Amino acid sequence: MKILIKVMREGLGRLIVLIDWIFSPKKIKRTEAEQADVDQQIVSLKLYQFYACPFCIKTRRTIKRLNLSMETRNAQAGQFRAELLAGGGEVKVPCLRIKQGNDIAWMYESSDIMAYLDKRFGE
Ligand SMILES: N[C@@H](CCC(=O)N[C@@H](CS)C(=O)NCC(=O)O)C(=O)O
């Protein structure tokens, strides 16, 4: 039964990925200099996520719309899952890893992440 629910969730997630791809958000435009500045800032941000998680898809849409070339890290297994657990305290996605100087902050909750990105990189 658990397996069936897992398969259905994954299938639904992949359907949402497809719909997201069909109705891709329009990217905001910046001048070359502005985009270069954003590209430089974005290096300190990493999104820990699952490919077919609806909350992650929603967050990735914001990243796409804001035209951010952010690295996404698959936390479903392996090194990135372990990093998320050790750094953030729990395996819940999406989670934004924010590096500020020597400090690292872990931001959970898709709505908080989207609000943060919109405030920092939005028009
Ligand atoms: N309220 C959270 C919900 C996030 C959530 O439930 N994420 C699920 C994946 S869709 C998760 O991380 N589950 C833990 C797991 O599957 O191990 C948000 O909006 O970010």
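Residues numbered from 1 in each chain as written. Predicted model: local features only at pLDDT ≥ 70, side-chain atom pairs only at ≥ 80, totals over all residues. Heavy atoms only, no water.

Caption draft 1: Local environment of a nonpolar patch on the surface. A surface patch of nonpolar side chains, about 780 Å² in accessible area, is lined by Leu12, Leu15, Leu18, Ile19, Trp21, Ile22 and Phe23. Locating Ile22 in the fold gives a position in helix 1 (residues 2–22). (Patch = residues over 30% accessible without salt bridge, like charges linked within 9 Å, V, L, I, M, F, W, Y side chains within 5 Å. Areas by Shrake-Rupley, 256 points an atom, 1.4 Å probe, with all protein chains shown as cover. Salt bridge = Lys/Arg side-chain N within 4 Å of Asp/Glu carboxyl O. Helix = DSSP H or I, 4+ residues; strand = E, 2+ residues; numbered from the N terminus.)

Caption draft 2: Fine view of the site of the ligand. Every residue lining the ligand is accounted for by Phe50, Cys53, Phe55, Val91, Lys92, Val93, Pro94, Glu109 and Ser110. Between Val93 and the ligand, the recorded distance is 2.8 Å, taken from a backbone N or O atom to an oxygen atom. Within the side chain of Ser110, a nitrogen or oxygen atom sits 2.6 Å from an oxygen atom of the ligand. Summarising the interface, the protein chains cover 70% of the accessible area of the ligand, which totals 510 Å² for the free molecule. A molecule is said to occupy a pocket when more than half its atoms come within 2 Å of that pocket's grid points, and by this definition the ligand occupies the largest pocket. Taken together, the residues of the shell around the ligand break down into 6 nonpolar, 1 polar and 2 charged. (Near = heavy atom within 4 Å. Polar contact = N/O pair within 3.5 Å; in protein donor to acceptor, adjacent residues only side chain to side chain. 1 Å grid on protein atoms, 1.4 Å probe; cavity = no way out; pocket = protein on both sides within 12 Å on 5 of 7 lines; lining within 4 Å. Sits in = over half its atoms within 2 Å of the grid points. Nonpolar A, V, L, I, M, F, W, Y, C, P; charged D, E, K, R; others polar.)

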